[in-house]
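Notes for the structure review
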Amino acid sequence: MSPRRLALRLIASLCLVGALVLWQGEAMMQRLLGPIELTIDLLDRHHSVIALGIAKVGADTVIRMEAGIRELIVTGTHVTHADPRARAVITTPLAAFWLAPTLFVALLAAWPAQRTAEWPLRALCALPALALLLALDAPFVLDALLWSLHRDAHDPGGSSPILVWSAFLKSGGRFVLAGLFAGVIVGLAGRVAFRRA
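Presented here is an overview of the structure given in this document. What you see is a predicted model; the values in this text were computed from it and never measured.

**Observations regarding the packing of helix H2 (residues 99–110) against helix H3 (residues 118–135)**
For the pair H2 and H3, the least separation of the axes is 10 Å and the interaxial angle reads 165 degrees. As summarised for this structure, H2 and H3 are arranged roughly antiparallel, according to the angle between their axes. For H2 against H3, the interelement crossing comes out right-handed. In this structure, H2 uses Ala100, Pro101, Phe104, Val105, Leu108 and Ala109 to contact H3, whose residues at the interface are Trp119, Arg122, Ala126, Ala129, Leu130, Leu133 and Leu134. The class makeup of the residues in the contact of H2 with H3 is 12 nonpolar, no polar and 1 charged.

Structure follows, in C-alpha cells:
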C-alpha cells in the first residue's frame, strides 16, 4: 500500500474514532471513574480520593478530583501531617485521556492486513490494550497533579517517578504508547494469522 493511501486511511480512521469519542467519550469515562479511583487508591497510600467526577469549567469538560491526606507526607524537608480537614481539588481536561486510545484504535483500523483473520485477532487484543493504555494514563496523571501541589509548595526543584511519568505522557508519551501498542498488536495478529494459514 502506498504511503499516500495509508495516510488517507489513517486520517479517515482518526475522524471516525474521534467522532465516536466526541459523541460518547464523556459517557464512557463516567463508567471508568470507579476503576480510576480504585487504581489511584492502590497507587498512593498517602492520599485518599474523596470525590472523582466529570464537570464543566467554562467551555471545557474536565475530570475533577477532590482528595485528602491519609498518611504523613515528606516533601523535601517539609512534613505534611494527615489532617481529615485537608482538601485538594484538581481538574484536568477530559479529552487528554482519550488521545492515546483514539490514535491506538485508528492505527489498528488503518493499518492494512495481509489476511482477513487478522481483523478479529486485532479486535480481541485491542480491548486489554485499551484498558492498559487508560490504566497507565489517567490514574497516574491525576495522582501526579496531587504530588505536584506538594512539590510546588515545598520542594520546587524536586521530582519523583510519578511526576516524571506524568510529564512524559503529557509531552508526547501518549502518542508513543499508542503507536507502540498498535505496532505490537498488528505484528502479533499478523504472525498468528500467518501460522494458522
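Additional details are given in the paragraphs that follow.
**A closer look at the packing of aromatic side chains**
Aromatic ring pairs are defined here through the distance separating the ring centres and the angle between the ring planes. Under the definition given, this model contains 1 aromatic pair. An angle of 40 degrees between the planes, with centres 5.3 Å apart, marks the rings of Trp165 and Phe168 as tilted. With Trp165 and Phe168 both in helix H5 (residues 161–196), this residue pair falls 3 residues apart, about one helical turn. One Lys or Arg, Arg122, reaches over the ring of Trp119 and ends 4.6 Å from the middle of that ring.

**Details of the pairing of strand S5 (residues 88–93)**
Consecutive side chains of a regular strand alternate in pointing toward one face of the sheet and then the other. Residue alternation in S5 divides its side chains into a buried set, Ala88, Ile90 and Thr92, and an unburied set, Val89, Thr91 and Pro93. Alignment of strand S2 (residues 60–69) against S5, held across 6 bridges, turns out to be antiparallel. Its bridge partner lying in S5, Ala67 is registered against Ala88.

**Here's the deal with the environment of Gly158**
On the secondary structure map, Gly158 appears in the loop between helix H4 (138–154) and H5. Considering only alpha carbons, one finds Gly158 and Val192, 34 residues apart in sequence, at a separation of 46 Å.

Rules and cut-offs
Per-chain numbering applies: the sequence of each chain, read as written, is numbered from 1 onward. Reporting in this predicted model follows two pLDDT cut-offs: at least 70 for local features of residues, and 80 or more for side-chain atom pairs to be given and counted; totals over whole chains, interfaces and linings ignore these cut-offs and use all residues. The side-chain values count all of the structure's non-hydrogen atoms but skip hydrogen atoms and water molecules. Helix axes are fitted only over the stretch in contact, all axes being lines through C-alpha atoms; the angle between N-to-C directions runs from 0 to 180 degrees. Secondary structure follows DSSP: runs of H or I at least 4 residues long count as helices, runs of E at least 2 residues long count as strands, and numbering of each begins at the N terminus. Comment on the angle field: the value is read as roughly parallel under 35 degrees, roughly antiparallel over 145, roughly perpendicular from 65 to 115, and oblique elsewhere. The crossing is said to be left-handed when, going from far helix to near helix, the turn is anticlockwise and less than a right angle, and right-handed when the turn is clockwise. Residue contacts are counted whenever heavy atoms from the two residues lie within 4.5 Å of one another. Side-chain classes follow a simple rule in which Ala, Val, Leu, Ile, Met, Phe, Trp, Tyr, Cys and Pro form the nonpolar group, Asp, Glu, Lys and Arg form the charged group, and the remainder, Gly included, forms the polar group. Each Phe, Tyr or Trp ring (for Trp, its six-membered ring) is paired with any other whose centre lies within 6.5 Å, and the angle between the two planes then decides the class: stacked below 30 degrees, edge-to-face above 60, tilted in between. Criterion for a charge above a ring: Lys NZ or Arg CZ within 6 Å of the ring centre, and within 35 degrees of the ring normal. Each residue gets one of three labels from its accessible area relative to the maximum for its type: buried under 20%, exposed over 50%, partly exposed in between, using a 1.4 Å probe on protein chains only. For two strands to be treated as a pair, DSSP must find at least two bridges joining them.

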